[in-house]
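This is what each chain is made of:
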Amino acid sequence: MTIKWTGRVEKHTDTTGEKQDYGIEENMELLEDYYEPLTVIATSDDDGKTVREVLEKAFGVSSKLLAAARTTDYGLTINEERVYISAPVRTGEAVRLRQLREQSEDILPQSMPLSIVYEDNELLVVNKPAGMIVHPTHGHYTNTLANGVVAYWNEKNERFRFRPIHRLDEETSGLVVIAKNAYIHHQLSEQMQQGKVDKYYMALVYGVPKPTQTMIDAPIDRDLLNPHLRVVTPDGYPSQTLYTVKQSFMWKDDEEVSLVKLKLITGRTHQIRVHMQSIGHPLIGDKLYGNRRIAELESSISRHALHAQSIRFIHPKTKQLMECHAPIPEDFQNILNTMQEGTQK
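On a predicted model such as this, the values are computed, not experimentally measured, just so you know. (Residues numbered from 1 in each chain as written. Predicted model: local features only at pLDDT ≥ 70, side-chain atom pairs only at ≥ 80, totals over all residues. Heavy atoms only, no water.)

Q: Help me understand the side chain of Gln240, please; the structure alone is not making it clear to me.
A: Topologically, Gln240 is positioned in strand β15 (residues 240–250). Relative accessible area serves as the criterion here: at 16%, Gln240 is assigned to the buried category. Only 3.3 Å separates the side chain of Gln240 from the side chain of Asp217, close enough to count as a polar contact. Excluding residues within four positions of it along the chain, Gln240 makes contact with Met215, Ile216, Asp217, Leu264, Ile265, Thr266, Gln271 and His275. (Helix = DSSP H or I, 4+ residues; strand = E, 2+ residues; numbered from the N terminus. Buried < 20%, exposed > 50% of the residue type's maximum accessible area, 1.4 Å probe, protein only. Polar contact = N/O pair within 3.5 Å; in protein donor to acceptor, adjacent residues only side chain to side chain. Contact = heavy atoms within 4.5 Å.)

If you want it as structure tokens, here you go:
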């Protein structure tokens, strides 16, 4: 996005010895390498405070972001004058922080269908299909969500670095939130750490959990015998999952299956799968933590039946409450349909 720049930033002396004004309207292309700025119009309460104090108060910007901004030509300005973070601010002055545009040069662009749930200048929310990992890993450099998103931005001639706020297991479908700049990533990560981001999942599990609504509070850590697995252990990291049984069904031979809604309080690796297995109700299709109890159901889905259905957070820029939803995918819904054809409890 090109930002109209009508004020003076600073004067440079060229090779002829003449001073050149940067920031006049004819030279506003100088800002094409920057994202839209964070802007504060100083009030009387800000008078005498430093640029750092004003920006931290208004936007909660991190020291890392301020440090990065101050090293660029147009990162920190007052009334379009380049300043240091310690510069004093006066009432009515416009304080701006600009971030240089970035892109993920280490991620190979790869065009693929994307199910985009929401997008603006700061955020992208995508409904990830099952069977796709979020970010390239060693030996797995293509066919990831990151490859598709980078290609999508390239096709739109946009420059962003791929910054997911959270990740999903390869076999888990559903919502992934991606920040388009460092400020948004930091703010949403802070919301996650403070428990201000609500993430809701739907799962199909064996049996009917009792009680039908409660919180599983059980520490999780790596399995000492198999570091790829996680287990509930007294010495693990605090982990909490809220669940509610939405429906339960009677299958053949008196086997029961339930549709469960879950909310993550913490975000440990494999948390939902480990917690549900720990109380005796593993997910249908879970190859790591399940025990393949109904062959007909297991063969009808090629992954564990877990879907990140909705997420709720405060937009860091607009301060509005955001709520995004992703419909139940077809393979998950097919099992539900099969269950509903039987006897619903």
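Q: Whenever I open this one, helix α5 (residues 271–278) confuses me. Can you help?
A: An α-helix turns once every 3.6 residues. As a result, residues three or four positions apart point the same way. Across the eight residues that make up α5, a large majority, six, are buried. Listed as buried for α5 are Gln271, Ile272, Arg273, Val274, His275 and Met276. Remark: Gly280 follows α5 within two positions and exhibits a positive phi of approximately 85°.

Q: Can you help me understand unusual backbone geometry in this one?
A: A negative phi holds for most residues other than glycine; trans holds for most peptide bonds. Here the residue pair Lys210 and Pro211 is connected by a cis peptide bond, since its omega of -5° sits within 30 degrees of zero. Summarising the element assignment, Pro211 is placed in the loop between β11 (198–206) and β12 (213–217). Unlike most non-glycine residues, Asn79 shows phi in positive territory, near 50°. Turning to its location among the elements, Asn79 is positioned in the loop between β4 (76–78) and β5 (81–82). When its relative accessible area of 40% is taken as the criterion, Asn79 is described as partly exposed. The backbone of Asn143 shows a phi angle near 60°, a positive value even though the residue is not glycine.

Q: Explanation requested: the packing of aromatic side chains in the structure shown.
A: Ring pairs (aromatic) are described by centroid distance and by the angle formed between their planes. Under the counting rule described, the total for this entry stands at four aromatic pairs. An aromatic cluster is built from Tyr35, Trp153 and Phe160, whose rings are joined through pairwise contacts. The lysine or arginine in question, Lys261, covers the ring of Tyr200, its NZ or CZ lying 4.9 Å from the ring centre. (Phe/Tyr/Trp six-rings, centres within 6.5 Å; stacked < 30°, edge-to-face > 60°. Lys NZ or Arg CZ within 6 Å of the ring centre and 35° of its normal.)

Q: I'm lost on the sheet that holds strand β6 (residues 94–97) in this one. Help?
A: Backbone-to-backbone hydrogen bonds pair the strands of a sheet. The strands run either parallel or antiparallel. The four strands are arranged β3-β6-β4-β5 in an open sheet whose pairing can be described as antiparallel. Two strands lie at the open edges of the sheet, namely β3 (38–41) and β5, each paired on one side alone. Sheet topology places β3 next to β6; four bridges connect them, and they run antiparallel. For Thr39, the partnering residue across the bridge sits in β6 and is Arg96. (Pairing = 2+ DSSP bridges.)

Q: It is not clear to me how helix α7 (residues 330–341) should be interpreted in this structure. Could you clarify?
A: The end-to-end C-alpha distance of α7 is 16 Å, a good match for the 16 Å that twelve residues give at a rise of 1.5 Å each. Within α7, burial applies to Phe332, Ile335, Leu336 and Met339. Taken around the axis of α7, the buried residues stretch over an arc of 100°, which confines them to a single face. Counted as exposed and oriented over 90 degrees from the buried face of α7: Glu330 and Glu341. (Expected span 1.5 Å × (residues − 1). Arc of directions from axis to C-beta.)

Q: It is not clear to me how the pattern of salt bridges should be interpreted in this structure. Could you clarify?
A: Pairing is possible between side chains that carry opposite charge, provided their charged atoms lie close to one another. Throughout the structure, instances matching the rule amount to 21 salt bridges. A salt bridge links Arg82 to Asp73, with the shortest nitrogen-to-oxygen separation between them at 3.4 Å. Taking the relative accessible area as the measure of exposure, Asp73 reaches 37% and is therefore partly exposed. Here Arg96 ties to Glu80 by a salt bridge, and the two come within 2.8 Å at their closest N and O atoms. Pair noted here: Arg96 is in strand β6 and Glu80 is in the loop between β4 and β5, with a separation of 16 residues, a long-range link. (Salt bridge = Lys/Arg side-chain N within 4 Å of Asp/Glu carboxyl O.)

Q: How should the pairing of β6 be read in this particular structure?
A: Two faces, one strand: in a regular strand the side chains alternate between the faces of the sheet. Burial along β6 is two-sided: Ala94 and Arg96 and Val95 and Leu97, pointing in opposite directions, are all buried. Sheet analysis places β4 next to β6, joined by three bridges and oriented antiparallel. When the sheet's bridge partners are listed, Ile78 is paired in β6 with Val95.

Q: Which parts of the structure should I look at to understand the nonpolar core?
A: Considering soluble globular proteins, one finds that nonpolar side chains tend to be buried as a cluster. Core analysis: the largest hydrophobic core is formed by 34 residues, its most contacted members being Val51, Leu55 and Leu76. Per-element tally for this core: the top contributor is helix α1 (residues 51–59), with four residues. If we ignore the near neighbours within four places in the chain, the residues touching Leu55 are Val40, Gly60, Val61, Leu66, Leu76, Val95 and Leu97. In terms of nonpolar packing, the next biggest core, distinct from the first, is built from 32 residues, Ala146, Val150, Tyr152 and Ala308 among them. (Core = buried A, V, L, I, M, F, W, Y, C linked by side-chain atoms within 4.5 Å.)

Q: So what exactly am I meant to see when it comes to the side chain of His307 here?
A: Along the chain, His307 falls in strand β17 (residues 306–314). The exposure class assigned to His307 is buried, which follows from its relative accessible area of 0%. Within the local environment of His307, its side chain forms a polar contact with the backbone oxygen of Pro327, the two atoms lying 3.0 Å apart. Here His307 is in contact with Asn127, Thr172, Ser173, Gly174, Tyr200, Tyr201, Met202, Ala326, Pro327, Ile328, Pro329 and Phe332, once residues within four sequence places are set aside.

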